[in-house]
Amino acid sequence: MKELAISLSRMLLSWLVIQTLVALAFLWTLKTHHKNSLPDEQLPKTAVILCLRGSDPFLPNCLESLLQQNYPRYDLKIIIDNREDPAWKIASETIAALGATNVQISPLSIRRYNCSLKCSSIVQAVSELDESYKVVALVDADAVVHPSWLRELVSPLADPTVGATTGNRWYLPTGKYWGSLVRYFWNSSAVVQMSLYRIPWGGSLALKTDVIYETELLERWARSYADDTIIPKVLANYGFQLKFVPSLLILNCEECNLPRLFDWMKRQMLSSRLYHPQWWAVIADALQTVLLPNLLLVLSIAALWTQQWDTATLAFASYGSYIVALLLLAIALEIGAKPIIQHNAKVKTKLSPATIIRMLFGIPLTHWFYGLALLLSFWMPKVTWRGVTYQIKGPWHIRLIQYRPYQKLDQPIDSKVSL
């Protein structure tokens, strides 16, 4: 048993070195990135598409930020699932209060039954655009963006080899729910991986209109569950690149309890399983990040039970050291992202000693939830999100099997909890 503990400890140490190098590379990217924003006369006319179902916690803030962009020619196209949706009233009132004229609200007129509602909305919005729009930007209702967001997102598209650009979200580690903390850990790791594999986030994403039609992306969206994870492989098939813009880390201040977190993680894993071009790498990462340390934890308990004190001490010391090392990496990532977050969101975050202690216990919790969500994602014939149920038979065999309009009663009791 002791030999097994030594072997697992060495493997875990090797994996920690790899994780550290990848995290350092990401931090270097954040530190060395320089904004190259185009002047007004070179910025193409852009359509910003926002698809809504339900009233997200900070929807008014999201709308205000989108309508106050430092960008010369853009229009906000809002597609709302149903006129009865509570988001319709909020959007209408916010637009009226701002007196905005570059915005259009439309209901989802064609509810496709072989893709997600969001993909249906995107297809509708893009199909209705005229030829003057050279760029399409997708944004989610949980993104409260800064004034230069659209300019920074669109500017790299001036490179003819770049077909799409993306930012990513960043959560607060100081939420009151354990689910918020677990989501923070999981997402910070995911942001690093998405940067490494060039996987976009649909909440902050821009594509050249010509690229959308050249790659037949509209037809793919019309048969897809996810709107973003499918993009890298499609672009690569046509010789285009996807560029991650480090300055576009968007702070998300929403809360999340554990039940909602678990459903969210399963949906994320399902999307990755269906469309991630390096799905095998996701599995390999999970095996080493989740399985290795927990094998050592189980081994330490077994050694204690059989009174093998040396083995128990070695196994638990290795496990504890790994958890502490991950905590230090998380703190380093938080410090690295902090200047961007504070510049974009004007929100100051501080890791108090109490928060750091919670983070220490949150890491094993994240591993357990992540591992279980990944495992269950292999057997998800159906998925329900915001009251809509889809049947999943394959990446391009999606079926909407249960639908009803979103209602105000569907909103969480806590107004800051994610839908």
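Residues numbered from 1 in each chain as written. Predicted model: local features only at pLDDT ≥ 70, side-chain atom pairs only at ≥ 80, totals over all residues. Heavy atoms only, no water.

1. Examining the overall build of the chain
When helices and strands are counted, the chain shows 13 helices and 10 strands. Taking the principal axes of its C-alpha atoms as reference, the chain extends roughly 75 × 45 × 40 Å. A burial count over the chain gives 57% of its 419 residues as buried. Considering only contacts within the chain whose residues lie at least 6 apart along the sequence, 81% involve residues at least 24 apart. Here the chain has roughly 18800 Å² of accessible surface; of this, 59% comes from carbon and sulfur atoms. Distance between charge centres in the chain, computed from 40 positive and 31 negative side chains, equals 4 Å. (Helix = DSSP H or I, 4+ residues; strand = E, 2+ residues; numbered from the N terminus. Buried < 20%, exposed > 50% of the residue type's maximum accessible area, 1.4 Å probe, protein only. Contact = heavy atoms within 4.5 Å. Areas by Shrake-Rupley, 256 points an atom, 1.4 Å probe, with all protein chains shown as cover. Lys, Arg positive; Asp, Glu negative; His and termini not counted. Charge placed at Lys NZ, Arg CZ, Asp CG, Glu CD.)

2. Considerations on the sheet that holds strand β8 (residues 382-385)
Two strands in a sheet stick together by hydrogen bonds in their backbones, pointing the same way (parallel) or opposite ways (antiparallel). Judged by pairing direction, the sheet is antiparallel, and its 3 strands sit side by side in the order β8-β9-β10 without closing on themselves. The sheet is open, and its two edges are formed by β8 and β10 (397-402), each paired on a single side. Strand-to-strand twist in this sheet, taken as the mean axis angle between neighbours without regard to direction, amounts to 30°. In this sheet, strand β9 (residues 388-394) lies alongside β8 in antiparallel orientation, the contact comprising 4 bridges. Paired with Thr384 across the bridge in β9 is Thr389. Those strands touched by helix α10 (residues 258-275) are β8, β9 and β10, and its axis lies near 130° from that of β8. (Pairing = 2+ DSSP bridges. Axes fitted to C-alpha atoms, helices over the stretch in contact; angles between N-to-C directions.)

3. A few points about helix α6 (residues 178-197)
Between its terminal C-alpha atoms α6 stretches 29 Å, which fits the 28 Å expected from 20 residues at 1.5 Å a residue. Of all 20 residues in α6, 16 are buried, a share of seventy percent or more. At the exit of α6 stands Arg198, carrying a positive phi of roughly 55°. (Expected span 1.5 Å × (residues − 1).)

4. Looking at the pairing of strand β3 (residues 103-107)
Remember that side chains alternate between the two faces of the sheet whenever the strand is regular. In the sheet, strand β2 (residues 74-80) pairs with β3 via 5 bridges, with the strands oriented parallel. Of the residues in β3, the one forming a bridge with Ile78 is Ile105. Chirality of the crossover, the property in question, places the unit of β2, helix α3 (residues 86-98) and β3 among those that are right-handed. (Right-handed = clockwise from strand over helix to strand, strands pointing away.)

5. A word on the state of the cysteines
One pass over the full model with this rule turns up 0 disulfides. With no disulfide of its own, Cys256 has Cys253 as its nearest cysteine by sulfur position, at a separation of 14 Å. (Disulfide = S-S within 2.5 Å.)

6. Re the nonpolar core
Within the largest apolar cluster, 96 residues are counted, with the highest numbers of intra-cluster contacts made by Leu50 and Trp149. For this core, the leading source of residues is helix α12 (residues 309-345), giving 14 residues. Setting aside anything within four residues of it in sequence, one finds Trp149 in contact with Val48, Leu66, Gln69, Ala137, Leu138, Val139, Ser204, Leu248 and Ile250. Of all hydrophobic cores here, the second largest spans 43 residues; its members include Ile122, Ile212, Ala222 and Ile230. (Core = buried A, V, L, I, M, F, W, Y, C linked by side-chain atoms within 4.5 Å.)

7. Notes on the sheet that holds β3
Strands sit in the order β3-β2-β1-β4-β6-β5-β7 across an open sheet of 7 strands; the sheet is mixed. Two strands in the sheet have a free side with no partner beyond their single neighbour: β3 and β7 (241-252). On average, each strand axis in the sheet is tilted by 20° relative to the strand beside it, whichever way the strands run. Looking at chain direction, strand β1 (residues 46-52) and β2 are connected through 7 bridges and run parallel. Pairing of Cys51 across the sheet is with Ile79, part of β2. Sitting on the sheet, helix α2 (residues 59-66) is in contact with β1, β2 and β4 (135-139), with an inclination near 175° to β1. The strands touched by α12 within the sheet are β5 (162-171) and β7, with β7 carrying the most contacts at an inclination of about 80°.

8. So, the pattern of salt bridges
Side chains that differ in charge, positive against negative, can pair when their charged atoms come close. A complete count under the given rule lists 8 salt bridges for this structure. Between Asp40 and Arg151 there is a salt bridge, with its nearest N and O atoms 2.6 Å apart. On the criterion of sequence distance, the pair formed by Asp40 in the loop between α1 (2-32) and β1 and Arg151 in helix α5 (residues 149-154) is long-range, its members being 111 residues apart. For Asp40, a relative accessible area of 41% corresponds to the partly exposed category. When its relative accessible area of 9% is taken as the criterion, Arg151 is described as buried. Notably, a salt bridge pairs Arg169 with Asp142, separated by 3.6 Å at the nearest N-O pair. (Salt bridge = Lys/Arg side-chain N within 4 Å of Asp/Glu carboxyl O.)

9. With respect to unusual backbone geometry
The phi torsion at Arg198 lies on the positive side, around 55°, for a residue other than glycine. Mapped onto the secondary structure, Arg198 falls in the loop between α6 and β6 (204-208). Of the residues examined, Arg198 reaches a relative accessible area of 40% and is grouped as partly exposed. With a phi angle near 60°, Gln307 is a residue other than glycine that sits in the positive phi range. Positionally, Gln307 belongs in the loop between α11 (279-305) and α12. Classification of Gln307 as exposed rests on a relative accessible area of 57%.

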